[in-house]
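Analysis of the macromolecular model
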Amino acid sequence: MKARVILVTTAAMISALLGACSGGDEQSEEDSSDGTTSSTPSSSSPDDSTTTPPPPPIEDVYTWRPPDGDLSPNDELERGVHNALRIGCDRAQQQLDRLWEGFQSPRSVLLFQAAIELCRGDVEAARDLFGQASAFSWEGLATAVPECVIYQRVVSVLSQVPHESVTCLGGSGPTWPSSDEDVPRDDPRTPELDESVTTTTSASTSTTTSTTTSTTTSTSTADG
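Below or above, wherever it landed, is the structure these notes cover.

Reading the values: the criteria
- Residues numbered from 1 in each chain as written.
- Predicted model: local features only at pLDDT ≥ 70, side-chain atom pairs only at ≥ 80, totals over all residues.
- Heavy atoms only, no water.
- Core = buried A, V, L, I, M, F, W, Y, C linked by side-chain atoms within 4.5 Å.
- Buried < 20%, exposed > 50% of the residue type's maximum accessible area, 1.4 Å probe, protein only.
- Helix = DSSP H or I, 4+ residues; strand = E, 2+ residues; numbered from the N terminus.
- Contact = heavy atoms within 4.5 Å.
- Disulfide = S-S within 2.5 Å.
- Salt bridge = Lys/Arg side-chain N within 4 Å of Asp/Glu carboxyl O.
- Phe/Tyr/Trp six-rings, centres within 6.5 Å; stacked < 30°, edge-to-face > 60°.

Section: the nonpolar core
Side chains of nonpolar character tend, in soluble globular proteins, to be buried together. L96, F130, Y151 and V154 are the most contacted members of the largest nonpolar core, which totals 33 residues. Secondary structure elements with two or more residues in this core: α2 (76-87), α3 (89-99), α4 (106-120), α5 (123-134) and α6 (145-159). Leave out the neighbours within four places in its chain, and F130 touches L111, A114, W138, Y151, V154, V155 and L158.

Description of the state of the cysteines
For the structure on display, the rule yields two disulfides. Sulfur-sulfur distance for the disulfide between C89 and C119 comes to 2.0 Å. Taking the torsion about the sulfur-sulfur bond, which here is approximately -80 degrees, the covalent link between C89 and C119 counts as left-handed. Here the residue C89 occupies a position in helix α3, and C119 occupies one in helix α4, the gap between them amounting to 30 residues. Each disulfide in the protein chain links cysteines that, numbered along the sequence, combine into the pattern 1-2, 3-4.

Some points on the pattern of salt bridges
One pass over the structure, following the stated rule, counts five salt bridges. Of the charged contacts in the structure, one is a salt bridge between E147 and R107, with a shortest N-O distance of 3.0 Å. In this pair, E147 is assigned in helix α6 and R107 in helix α4, connecting sequence segments 40 residues apart. In this structure E147 comes out as buried when scored by relative accessible area, which is 2%. Ionic pairing is found between E117 and R120, a salt bridge with its closest N-O pair at 3.7 Å.

A few points about the environment of I150
Relative to the helices and strands, I150 resides in helix α6. Each residue touching I150, except ones within four places of it in the same chain, is listed here: P67, H82, L85, L111, F112 and A115.

A look at the side chain of S105
Mapped onto the fold, S105 is located in the loop between α3 and α4. Look at S105 and you get buried, because its relative accessible area is 1%. Apart from the residues lying within four places of it in its own chain, the contact partners of S105 are P174, T175 and W176.

Digging into the packing of aromatic side chains
Overall, the coordinates contain five aromatic pairs when judged by the stated rule. Arranged with centres 6.0 Å apart and planes meeting at 50 degrees, the rings of W100 and W176 form a pair that is tilted. Placement of the pair is W100 in the loop between α3 and α4 and W176 in the loop between α6 and α7 (195-223), with a sequence separation of 76 residues. The same class applies to W100 and to W176, which are both buried. Seen from their ring centres, F103 and F112 are 5.5 Å apart, and the 70 degrees between their planes marks the pair as edge-to-face. Exposure remark for F112: the relative accessible area of 0% places this residue in the buried category.

A closer look at unusual backbone geometry
Although it is not a glycine, S137 adopts a positive phi angle of roughly 75 degrees. Turning to its location among the elements, S137 is positioned in the loop between α5 and α6. Residue S137 is classed as partly exposed on the basis of its relative accessible area of 29%. Here the phi dihedral of Q160 falls at roughly 55 degrees; this positive angle occurs in a residue that is not glycine.

Laid out in structure tokens, this is it:
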């Protein structure tokens, strides 16, 4: 009798356990069909409001470095500014402002000013000056060593190439528009101001005044 009771009790427990498991599976299926719960990870596309940040800007590989090289040839005044760039930007500017009229050409003045702007970190100003200098062509640099070295350094920064790969062309370089020593040269860095025209006009005015004075003196002598 006792064994029968145990068997009945055991059978009831097994039946209850099987019912519980069956009910749990049915509940899981109902939940899944209703969409209330899901154990499967969502495969939806990323939120459109979340964007991937842009990559950081690429830094310039070739930045301004003081020039070097053999400076033995003949462009003495250019060499003075070349050497000053090794000391500092302000020193080079002082030298250029003092010596520019003795440079080989307006192109050389603009090129060295571009180098000074790069020394100061103003790439856009340097690019503008370099563009103005390009109007004179880049021939004749092979025999103008200080100018060639500066040209290589400037192109290296503006074009982001090794300065050793920049070629200085041969041929004949540009010259100043006038070789008349009595006519002051016009500073190519100030296109809005023509120094040579201003100075020439003043000289003409002075000559006219002197002539008028001489005529007046002659007339007074004749009357006397």
